Amino acid sequence: MPRSVEEEYATQTRCLNRHNVTFVRDGIPGRERMVPTARVRAEVAQLTGASKEESTLARNGTEAMQYLIPATRFAEAR
């Protein structure tokens, strides 16, 4: 791989690793998120008929399951 391509690949990889989720992070420089996460969470909760305390946003399915499984175990222990 030519050095210039390798350098650009590394630059793009760093950018994706830093800015891969615009709802959770600040977004790509120059294209910052326009709506605060708390407002989006409240709107999603309203759409689903839940309170915002009962809802959360996750970046992907794996992360959602990692949040859900311990919470379920905690609820069962009560």
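Every chain is numbered on its own, with residues counted from 1 as its sequence reads. Side-chain atom pairs in this predicted model are given and counted only at pLDDT of 80 or more, local residue features only at pLDDT of at least 70, and totals for whole chains, interfaces and linings cover all residues. Heavy atoms from the whole structure form the basis of all side-chain values; hydrogens and water molecules are not counted.

## Comments concerning the overall build of the protein
Here comes step 1: Secondary structure is summarised from DSSP: a helix means a run of H or I of at least four residues, a strand means a run of E of at least two, and numbering begins at the N terminus for each. Across its full length, the protein carries 3 helices and 2 strands.
Here comes step 2: Reading the protein from its N end, one meets helices and strands in the order α-β-β-α-α.
Here comes step 3: Exposure classes here rest on a 1.4 Å probe applied to the protein chains alone. A residue is buried below 20% of its type maximum, exposed above 50%, and partly exposed in between. Counting across all 78 residues of the protein, residues that qualify as buried make up 9%.
Here comes step 4: Entry remark: accessible area of the protein is about 6800 Å², with carbon and sulfur atoms responsible for 56%. For the accessible areas, the method is Shrake-Rupley and the probe is 1.4 Å, while residue cover comes only from the protein chains on display.

## Observations concerning a nonpolar patch on the surface
Here comes step 1: Each patch is assembled from residues with relative accessible area greater than 30% and no salt bridge, linking like charges that lie within 9 Å and nonpolar side chains (Val, Leu, Ile, Met, Phe, Trp, Tyr) that lie within 5 Å. A carboxyl oxygen of Asp or Glu within 4 Å of a side-chain nitrogen of Lys or Arg is what we treat as a salt bridge. On the surface, Met-1, Val-5 and Tyr-9 cluster together to form a nonpolar patch covering roughly 380 Å² of accessible area.
Here comes step 2: In this fold, Tyr-9 is placed in helix 1 (residues 3-19).

## Comments concerning the side chain of Ser-55
Here comes step 1: Tracing the backbone through its elements, the reader meets Ser-55 in the loop between helix 2 (37-48) and helix 3 (61-77).
Here comes step 2: Contacts were defined at the residue level, with two residues in contact if any of their heavy atoms lie within 4.5 Å. Once residues lying within four places of it in the same chain are set aside, the contact partners of Ser-55 are Arg-41 and Ala-45.

## Focus: the confidence of the model for the protein
When pLDDT is low, close inspection of the predicted coordinates is not appropriate.
Here comes step 1: Taken over all residues, the pLDDT of the protein has a mean of 78, while the share at 70 or more is 71%.
Here comes step 2: The least confident element of the protein, judged by mean pLDDT, is strand 1 (residues 27-28) at 54; the most confident is helix 2 at 88. pLDDT gives the predictor's per-residue confidence on a scale running from 0 to 100.

## Brief notes about the environment of Arg-39
Here comes step 1: Within the fold, Arg-39 resides in helix 2.
Here comes step 2: Given a relative accessible area of 49%, Arg-39 falls into the partly exposed group.
Here comes step 3: Residues Arg-39 and Lys-52, spaced 13 residues apart in sequence, show a C-alpha to C-alpha distance of 9.5 Å.

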